[in-house]
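Examination of the molecular architecture
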Amino acid sequence: MADPPGCCSTCATCLLCPYSCQWITAKKEKRKGLRTTKCDCSWFLFLFCVFLFTLVWLYFAIIILNDFHNFNEFIFRERKLWLDWSQVLLIATAVLISYSSVLLVLALCLQLCGQPLKLHWVHKVLLILTALVVAAAFTGLGIKWAEEWKSARVSLQATGPFLHIGTVGGMTLLAWPLASFIYRTRKTGLRVFLLLVYCAAMIALYLAPLGITSPCIMEENQLPPKPALVGHRGAPMLAPENTLMSLHKAVECDVQVFETDVMVSADGVPFLMHDEELTRTTNVQAVFPDRAAQSIAFNWTDLQQLDAGSWFLEGRDALRGVGGLPVVTAPLSPLQRRPFPTVQSLSPADRNETTKQRIPSLEQALEAAKQSNISIMFDLRPENHSDYQNFVNVTLGVILQSGIPLQQVLWLPDGFREDVKQQAPGVQQVYGRKRLKDEKEPVLHVNLPYQDMSSEEIRQYRQDNISVNLYVVNQPWLFSVLWCSGVSSVTTNACQVLKEMKHPVWLLPSSTYLMIWIVVDCVSFLIIIWAFVLLKKCSHRRQPAESETDVLLTKINSLMQE
């Protein structure tokens with residue numbers, strides 16, 4: 001396979017140096033007889049596959065950001081170490097994709113310039129390591145976080161049309177180095193094979209929109225009402241979760257339902273707490289260093305001694321207070337960090353109020369919900385406790401004594417649900433499952449992970465007047481897909497973000513999408529034809545010069561032999 005120089009010596013040298021890790025000028029390269037071998041082509045193919053593999057992982061990394069707070073909590077429960085692992089994920093992914101992208105661009109430019117693709121062994125080792133790291137990441141995702149595969153399928157409803165356009169654009173640009181390679185190689189079989197593969201890939205891409213479906217491809221007048229917002233433990237990006245401050249911040253975000261978690265203390269007082277241990281969201285290790293941190297093992301008096309807010313801030317921020325004045329708080333655990341970067345935007349007054357938060361009782365939360373005229377929805381934990389029936393009775397007693405209108409209470413726990421219906425028939429029953437075919441009583445409210453409901457199911461439930469709440473929805477793209485699907489409400493950590501959305505991220509009439517599809521495909525086809533025609537003319541222009549050079553070299557060689 002001939003590889004004549006196709007660009008200036010300086011450009012060729014600059015490209016060869018980082019790719020081959022050798023400072024070779026065009027003349028030296030010609031004297032050494034460096035050529036692109038079959039092994040070099042194999043490594044280029046491997047580089048291209050690693051790039052695609054890493055690119056797919058980058059897509060997954062961006063998608064799972066919606067649910068990454070759950071992963072952070074999981075790591076804390078297992079290792080007692082709090083860190084925003086999403087930053088680690090994004091930085092590592094950015095390094096891997098940047099490295100493979102730079103190498104691929106260098107290889108394509110070398111091909112266009114007619115230079116040999118001599119990948120250095122260091123790059124080969126690093127590419128193998130990159131492939132292994134990404135493969136390990138996918139494996140771990142499949143084992144420990146398998147529901148994210150469903151999240152990826154949901155995301156395609158939001159990104160499918162744009163992924164199609166981007167892929168068509170990338171494959172169209174690939175026509176230039178491909179045409180250059182085809183016109184330089186003398187192997188007819190390889191030429192035919194590459195052309196057939198490329199043509200098949202482009203035809204598949206051109207027809208891909210036939211299989212792309214999205215609920216956001218609809219007319220403007222068909223758009224369902226905006227889903228109501230349910231504050232996941234309040235407004236956890238603006239205040240410590242499951243506190244009265246978080247409830248009030250959720251009200252400011254126009255949240256209609258305060259979603260929380262209830263446990264019962266050792267002396268029978270229901271209080272708000274998600275974790276079975278108090279370590280993550282209180283300073284229990286500082287106040288009671290010699291006691292186990294089990295939430296239900298503490299009586300109400302002891303629980304009231306705990307600081308349930310300072311963990312939300314960095315240590316220096318929590319102790320600074322308003323206007324830089326010191327605020328007396330209990331010591332912070334070095335393992336506790338602010339869970340969301342939105343903490344940086346809090347005002348000094350909010351920071352000071354954060355440090356004053358205590359664990360609220362259910363009675364206090366019901367009173368605040370009644371005054372704010374919002375509903376409250378909660379789980380009762382732990383579900384597997386031997387005294388769970390007593391937990392249900394105690395919690396019901398507090399609800400009935402609070403005076404809150406029962407229609408403002410949404411009951412999630414499945415245990416002893418029939419007893420709850422008898423004692424408090426006005427409470428709204430919310431089910432954490434889909435309706436059954438032989439349902440005895442009509443299911444009016446369901447609360448499910450967003451991965452478990454398809455757009456078709458959401459539309460069917462909406463037609464049957466069944467309220468569907470999906471959790472946890474933090475990213476605008478996901479909220480947009482569910483909005484277009486017709487979901488009734490979503491549970492979110494980012495109520496302050498979703499509140500500002502007046503319209504889905506994108507909404508296209510089917511006729512407009514059809515026009516975009518046809519235009520993109522036509523433009524791509526014309527560019528590909530232009531690339532092959534132009535490079536063919538360039539290859540014809542080089543042939544006479546190459547022929548003259550070959551004749552001259554032959555004469556010189558003959559004279560030297562004589």
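Residues numbered from 1 in each chain as written. Predicted model: local features only at pLDDT ≥ 70, side-chain atom pairs only at ≥ 80, totals over all residues. Heavy atoms only, no water.

Before going further, it helps to examine the overall build of the protein chain. The helix and strand tally for the protein chain stands at 21 helices and 9 strands. Across the 562 residues that make up the protein chain, the buried fraction comes to 48%. Contacts spanning at least 24 positions in sequence make up 69% of the contacts within the protein chain whose residues lie at least 6 apart. Carbon together with sulfur atoms contributes 62% to the accessible area of the protein chain, which is approximately 27,600 Å² in total. (Helix = DSSP H or I, 4+ residues; strand = E, 2+ residues; numbered from the N terminus. Buried < 20%, exposed > 50% of the residue type's maximum accessible area, 1.4 Å probe, protein only. Contact = heavy atoms within 4.5 Å. Areas by Shrake-Rupley, 256 points an atom, 1.4 Å probe, with all protein chains shown as cover.)

The next thing to look at is the UniProt feature "transmembrane region" (unreviewed entry) in the protein chain. When the UniProt feature table is mapped onto this chain numbering, "transmembrane region" (unreviewed entry) sits at residues 41-65, 85-113, 125-143, 163-183, 190-212 and 514-535. Span residues 514-535 is 100% helix and 0% strand, its end C-alpha atoms 32 Å apart. (UniProt positions renumbered as here; feature names shortened; annotations may be inferred.)

What follows concerns the pattern of salt bridges. Working definition: two side chains of opposite charge can pair if their charged atoms are close together. For the structure on display, the rule yields 20 salt bridges. Arginine 233 is the partner of glutamate 241 in a salt bridge, and the nearest nitrogen-oxygen pair spans 3.2 Å. Here glutamate 241 and arginine 233 have matching classes, each one buried. Salt bridges sharing partners connect three or more residues here, namely Glu73, Arg233, Glu241, Asp261, Asp275, Arg280 and Arg381. (Salt bridge = Lys/Arg side-chain N within 4 Å of Asp/Glu carboxyl O.)

Turning next to empty space enclosed by the protein. As enumerated under the stated definition, the model contains 3 cavities of 30 Å³ or more in all. Each pocket or cavity is described by its volume, and for the largest cavity that value is around 70 Å³. As for the largest cavity, its lining consists of Glu241, Asn242, Thr243, Leu272, Met273, His274, Thr281, Ala308, Trp311, Ile359 and Pro360. Partitioning the lining of the largest cavity into residue classes produces 6 nonpolar, 4 polar and 1 charged. (1 Å grid on protein atoms, 1.4 Å probe; cavity = no way out; pocket = protein on both sides within 12 Å on 5 of 7 lines; lining within 4 Å. Points joined across faces, edges and corners; volume = space filled by probe spheres on them. Nonpolar A, V, L, I, M, F, W, Y, C, P; charged D, E, K, R; others polar.)

The N-to-C vectors of helix 7 (residues 147-173) and helix 9 (residues 188-207) enclose an angle of 155 degrees; their axes lie 10 Å apart at closest approach. In terms of their interaxial angle, helix 7 and helix 9 are classed as roughly antiparallel. Every pair of crossing elements has a handedness; the one defined by helix 7 and helix 9 is left-handed. Only Tyr198, Ala201, Met202, Leu205 and Tyr206 of helix 9 make contact with helix 7, whose side of the interface consists of His164, Thr167, Val168, Met171 and Thr172. (Axes fitted to C-alpha atoms, helices over the stretch in contact; angles between N-to-C directions. Parallel < 35°, antiparallel > 145°, perpendicular 65-115°, else oblique. Left-handed = near helix turned anticlockwise from the far one by under 90°.)

Bringing the nonpolar core into the picture now. Leu470, Phe479, Leu482 and Val490 are the most contacted members of the largest nonpolar core, which totals 43 residues. Counting only elements with at least two residues in this core, the list comes to helix 3 (38-63), helix 7, strand 7 (445-449), helix 18 (455-463), strand 8 (467-471), helix 19 (476-485) and helix 20 (495-498). It is helix 19 that provides the largest number of residues to this core, a total of 7 residues. For this core, the two domains that each supply at least three residues are domain 1 (11-214 + 509-542) and domain 2 (228-315 + 337-500). Apart from the residues within four sequence positions on either side, phenylalanine 479 is in contact with Lys226, Pro227, Leu229, Val473, Val490, Leu498 and Met501. (Core = buried A, V, L, I, M, F, W, Y, C linked by side-chain atoms within 4.5 Å. Domains from an automatic or database assignment.)

With that out of the way, let us pick up the state of the cysteines. Throughout the structure, instances matching the rule amount to 0 disulfides. Not engaged in a disulfide, the cysteine cysteine 253 finds its nearest cysteine sulfur in cysteine 495; these two sulfurs lie 3.2 Å apart. (Disulfide = S-S within 2.5 Å.)

Here we come to the packing of aromatic side chains. Think of a pair of aromatic rings as described by two things: how far the centres are apart, and how the planes are tilted against each other in angle. One pass over the full model with this rule turns up 19 aromatic pairs. Judged by centre distance (5.1 Å) and plane angle (75 degrees), the rings of tryptophan 57 and phenylalanine 138 are edge-to-face. In this pair, tryptophan 57 is assigned in helix 3 and phenylalanine 138 in helix 6 (residues 121-144), connecting sequence segments 81 residues apart. Like phenylalanine 138, tryptophan 57 is buried. When the centroid spacing of 6.2 Å and the interplanar angle of 65 degrees are considered together, the rings of phenylalanine 76 and tryptophan 82 count as edge-to-face. On the accessibility criterion, phenylalanine 76 (3% relative accessible area) is buried. The class of tryptophan 82 is buried, set by a relative accessible area of 6%. These aromatic residues form a ring-pair network of at least three members: Phe53, Trp57, Phe60, Phe138 and Trp149. (Phe/Tyr/Trp six-rings, centres within 6.5 Å; stacked < 30°, edge-to-face > 60°.)

Take the environment of arginine 153 next. Relative to the helices and strands, arginine 153 is located in helix 7. Through-space distance from the C-alpha of arginine 153 to that of serine 454 is 10.0 Å; in sequence the pair is 301 residues apart.

Before going further, it helps to spend a moment on the packing of helix 3 against helix 7. For the pair helix 3 and helix 7, the least separation of the axes is 10 Å and the interaxial angle reads 105 degrees. Considering the angle they form, helix 3 stands roughly perpendicular to helix 7. Where helix 3 approaches helix 7, its residues Tyr59, Phe60 and Ile63 are matched on the opposing element by Glu148, Trp149, Ser151, Ala152, Ser155, Leu156, Thr159 and Leu163. Tallied by class, the residues present in the contact of helix 3 with helix 7 amount to 7 nonpolar, 3 polar and 1 charged.

To continue, consider the pairing of strand 8. Bridge count for strand 7 against strand 8 is 5 bridges, and the pairing is parallel. Following the sheet pairing, histidine 445 is matched in strand 8 by serine 467. Each parallel crossover has a hand, and the one from strand 7 via helix 18 to strand 8 is right-handed. Pairing analysis gives 2 bridges linking strand 8 to strand 9 (residues 489-492), with the strands arranged parallel. What sits directly across from leucine 470, in strand 9, is valine 490. (Pairing = 2+ DSSP bridges. Right-handed = clockwise from strand over helix to strand, strands pointing away.)

All right, on to helix 16 (residues 388-402) then. Residue pairs three or four apart in sequence face the same way in an α-helix, which turns once every 3.6 residues. For helix 16, with 15 residues, the first-to-last C-alpha span of 21 Å sits near the 21 Å given by 1.5 Å per residue. Residues Tyr388, Phe391, Val392, Thr395, Leu396, Val398, Ile399 and Ser402 constitute the buried set of helix 16. The buried side chains of helix 16 occupy one side of the element, clustering within an arc of 160 degrees when seen end-on. Elements that come into contact with the buried residues of helix 16 comprise strand 2 (257-264), strand 3 (270-272), helix 15 (362-372), strand 4 (375-380), strand 5 (409-411) and helix 17 (417-423). (Expected span 1.5 Å × (residues − 1). Arc of directions from axis to C-beta.)

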